[in-house]
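# Reading the structure
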There are 2 protein chains.
Amino acid sequence: MKHVTGSAAEAAMQAVGDQVGQVFGELFGSRRTKPRASRSGDRLSADRIVEVAIGQMRDRGYDAVTMRSIAKELGTGPASLYAHVANRAELDQLVTGRICAQIRIPDPDPEHWDAQLRQSLVDMLALYREHPGVARCTMGMIPLQPGVLVVSERLIALLKAGGVPDQHCAWFIDVASLYVAGVAIEEDIWRERHLGQDPDEGGTLQHVEQEVVVEQVRNVFANLPAEHFPLLSALAVPMTSGDADDRFGFGVDLLVAGLKALAAQG
Amino acid sequence: MKHVTGSAAEAAMQAVGDQVGQVFGELFGSRRTKPRASRSGDRLSADRIVEVAIGQMRDRGYDAVTMRSIAKELGTGPASLYAHVANRAELDQLVTGRICAQIRIPDPDPEHWDAQLRQSLVDMLALYREHPGVARCTMGMIPLQPGVLVVSERLIALLKAGGVPDQHCAWFIDVASLYVAGVAIEEDIWRERHLGQDPDEGGTLQHVEQEVVVEQVRNVFANLPAEHFPLLSALAVPMTSGDADDRFGFGVDLLVAGLKALAAQG
DNA sequence: ACCTGAACACCGTTCAAGT
DNA sequence: ACCTGAACACCGTTCAAGT
């Protein structure tokens, strides 16, 4: 949240942050704890707490990250965190803000706005995948963190370059954000199921496991009683084919094609 | 899960259930506890546990439903539940199966397959809204519960009536299910934030609260520094306009329009 | 076969007391 | 101003013991 201090951009961002703080306060019933600027190694700060939270989400999964586990890694007790972060909900907000600030969306090229849009959604999923667990923080969030606002701003630029009407721009961002986060969350839940189950790194093992389950699911579909499930049993192969990228690619194509079609028809 | 006993349909469903049980067992590492047929009032059963869980999700919110709270309402301790339900994950599966079994999707009318499809998605959201909290159970779920399979089967019928290619049918069901569940979950998180906050029923109060927050959010957007957020501040009104139904309606239109466009172009 | 009490190893959050 | 120990009121799950 605090990059370089003193610049005009920084001041503007801080102003945004203050306004946002008011809304959050009313939402979560929490007095906003004012952020601290210190960066010295051994003092607690919201920044360090967020950092540890992100790291633990990746290493141990979203559900394993608790106020207590964060405090432990920081060498203190859970109570100490509450001087810098109002509660778990606010921590999730800060985590989302920090990660989304890393998304880079290109300046619009009117010739290729749709390809740029598709690529941006793919990049968003890739970022969530680099930081497993973070997508779960975004559910039900009002996207007011500065990092998230920048993403919206730049997505709108892309959409407007494609001549998308204002109302469609606004609503599309919601739909697309929800879809990307949803896919990331489902992958994440899947990942957590097979996390720690094997003591050695679950990376490739998870991949193999997944293929085994896909095979089993296909068998279930294929062997469904045809008198009750004629279509599902006939479509056993397409229902279970394609990897995560194929499926997500279809979803992205669907959203962008829908956007164009709606704009064209009215 | 068990409607009328002894029919051929019932036997077929049971066969499906057994296969599904195997897959779940490997997924969750749980021995499937065989379902009991008893319906007498005061005995524990998976059915009664699921019933209580659904009721509590509606009354107190998803997060407030715990093994302990369910046990308490059933007049026993949490340990007793584990004779009928393997764990919390399986309970969520059963809850989803029970609720999705209530969805009614019409026989396809080839002239109006797209309107039928849109209406079916609207009905799905309406059902989730009738049973708040249930949508959260569906995240990361492999849709193998009989009730969920029926929904897929009948959605495919609609899609095929519209000439949608097999692979698109399969993937579209995933995207649409995720979107509908995602919208329901976000509404649910919102609802829980304002649940119990006021002792009297939160129904209308929540609605008013929501309008207040929308107004605040619009103000934040409108007052964003124009040099950093020219588009977002200009689009403050469209970004925050429309109620939940308007936004969901747009999402549904987008998905269906996308489906048609993709089918037409390849 | 079904149920249970008690325990284990956890949670988020608060608050009086310290520095 | 910042930090902490201890406590409060909870979790899911297991297991030996009962019926």
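Quick note: structure is the one above.
Overview of the structure. (Residues numbered from 1 in each chain as written. Chains lettered and ligands numbered in written order. Predicted model: local features only at pLDDT ≥ 70, side-chain atom pairs only at ≥ 80, totals over all residues. Heavy atoms only, no water.)

### Some points on helix H12 (residues 244-265) of chain B
What counts is decided by this rule: Runs of H or I in DSSP of at least four residues are treated as helices and runs of E of at least two as strands, each being numbered from the N terminus. The length a helix should cover is 1.5 Å for every residue beyond the first. Type-normalised accessible area, obtained with a 1.4 Å probe on protein chains alone, sets the label of each residue: buried when under 20%, exposed when over 50%, and partly exposed for intermediate values. Whether two residues are in contact is decided by their heavy atoms, any of which lying within 4.5 Å being enough. A 3.5 Å cut-off defines polar contacts: any pair of N or O atoms within that distance qualifies, except that in protein one atom must be a possible hydrogen donor and the other a possible acceptor, and neighbouring residues in sequence count only when both atoms are side-chain atoms.
With 22 residues, H12(B) should cover 32 Å at 1.5 Å per step; its first-to-last C-alpha distance of 32 Å lies within 8% of that length. Listed as buried for H12(B) are B:Arg247, B:Phe248, B:Phe250, B:Gly251, B:Val252, B:Leu254, B:Leu255, B:Val256, B:Ala257, B:Gly258, B:Leu259 and B:Leu262. Close packing links the buried residues of H12(B) with helix H8 (166-193) and helix H12 (244-265) of chain A together with helix H5 (113-130), helix H7 (146-161), helix H8 (166-193) and helix H11 (236-240) of chain B. The N-capping residue of H12(B), defined by a side-chain oxygen 3.1 Å from the backbone nitrogen of B:Asp245, is B:Asp243.

### So, the protein's contact with DNA strand C
The line we're drawing: Summary of the distance rule: residues count as near a molecule or strand when at least one heavy atom falls within 4 Å of that molecule or strand. Charged residues are taken to be Asp, Glu, Lys and Arg, nonpolar residues to be Ala, Val, Leu, Ile, Met, Phe, Trp, Tyr, Cys and Pro, and polar residues to be all remaining types, Gly included.
Around DNA strand C, 16 residues are found, and the nearest of them are A:Arg68, A:Tyr82, B:Thr76, B:Ser80 and B:His84. In DNA strand C, atoms within 4 Å of the protein come from the sugar-phosphate backbone in 57% of cases. Separating a phosphate oxygen of DNA strand C from a backbone N or O atom of A:Met67 is a distance of 3.1 Å. A:Arg88 places a main-chain nitrogen or oxygen 3.2 Å from a phosphate oxygen of DNA strand C. Considering only residue class, the surface near DNA strand C consists of six nonpolar, five polar and five charged.

### Some remarks on the packing of aromatic side chains
What counts, and what does not: Any two of the Phe, Tyr and Trp rings considered here, Trp counted by its six-membered ring, make a pair once their centres fall within 6.5 Å; the pair's planes then place it as stacked at under 30 degrees, edge-to-face at over 60, or tilted in between. The rule for a charge over a ring is simple: NZ of Lys or CZ of Arg within 6 Å of the ring centre, and within 35 degrees of the ring normal.
Under the counting rule described, the total for this entry stands at four aromatic pairs over all chains. Between A:Phe250 and B:Trp171 the ring centres are 5.7 Å apart and the planes differ by 50 degrees, which places this aromatic pair in the tilted class. Of the two residues, A:Phe250 sits in helix H12 while B:Trp171 sits in helix H8, which places them in two different chains. Exposure remark for B:Trp171: the relative accessible area of 13% places this residue in the buried category. Pairing B:Tyr179 with B:Phe248 gives two aromatic rings, centres 5.6 Å apart and planes at 5 degrees, and the pair type is stacked. Highlighted residues: B:Tyr179 in helix H8 and B:Phe248 in helix H12, separated in sequence by 69 residues. What makes B:Phe248 buried here is its relative accessible area of 4%. Against the face of A:Tyr62 rests A:Arg88, its NZ or CZ located 5.0 Å from the ring centre.

### So, the interface of chain B and chain A
Going by this rule: Defined here as a combined quantity, buried area equals the accessible surface (1.4 Å probe) lost by two parts on assembly, summed across both. One side-chain nitrogen of Lys or Arg within 4 Å of one carboxyl oxygen of Asp or Glu is enough to make a salt bridge.
Counting residues at the interface gives 73 residues for chain B and 73 residues for chain A. The junction of chain B with chain A conceals about 6,500 Å² of combined surface from both sides, 76% of it contributed by carbon and sulfur atoms. Looking at the side of chain B facing chain A, the largest losses of area belong to B:Glu153, B:Trp171 and B:Phe250, adding up to 11% of the total buried there. For the pair chain B and chain A, the interface holds two salt bridges. A salt bridge links B:Asp174 to A:Arg247; its shortest N-O distance comes to 2.3 Å. Where chain B packs against chain A, one counts 16 residue pairs in polar contact (both at pLDDT 80 or more). If you list the elements that add at least two residues to the side of chain B that touches chain A, you get helix H1 (8-28), H7, H8, helix H9 (203-222), helix H10 (230-234), H11 and H12 of chain B.

### Overview of the relation of the copies chain B and chain A
Each of the two chain copies goes to the other by way of a rotation about an axis and a shift along it. The criterion, for reference: Copy-to-copy superposition: least squares on the C-alpha atoms, limited to residues that have pLDDT of at least 70 in both copies.
For these two chains of identical sequence, chain B goes onto chain A by a turn of 180 degrees and a shift of 0.0 Å along the axis, with RMSD 0.0 Å. Seen this way, the second copy is the image of the first under a two-fold rotation axis. Minimal C-alpha separation from the rotation axis in chain B is found for B:Gly258, amounting to 1.7 Å. Of all interface residues in chain B, 100% are interface residues in chain A too; the two copies therefore contact each other through one and the same surface.

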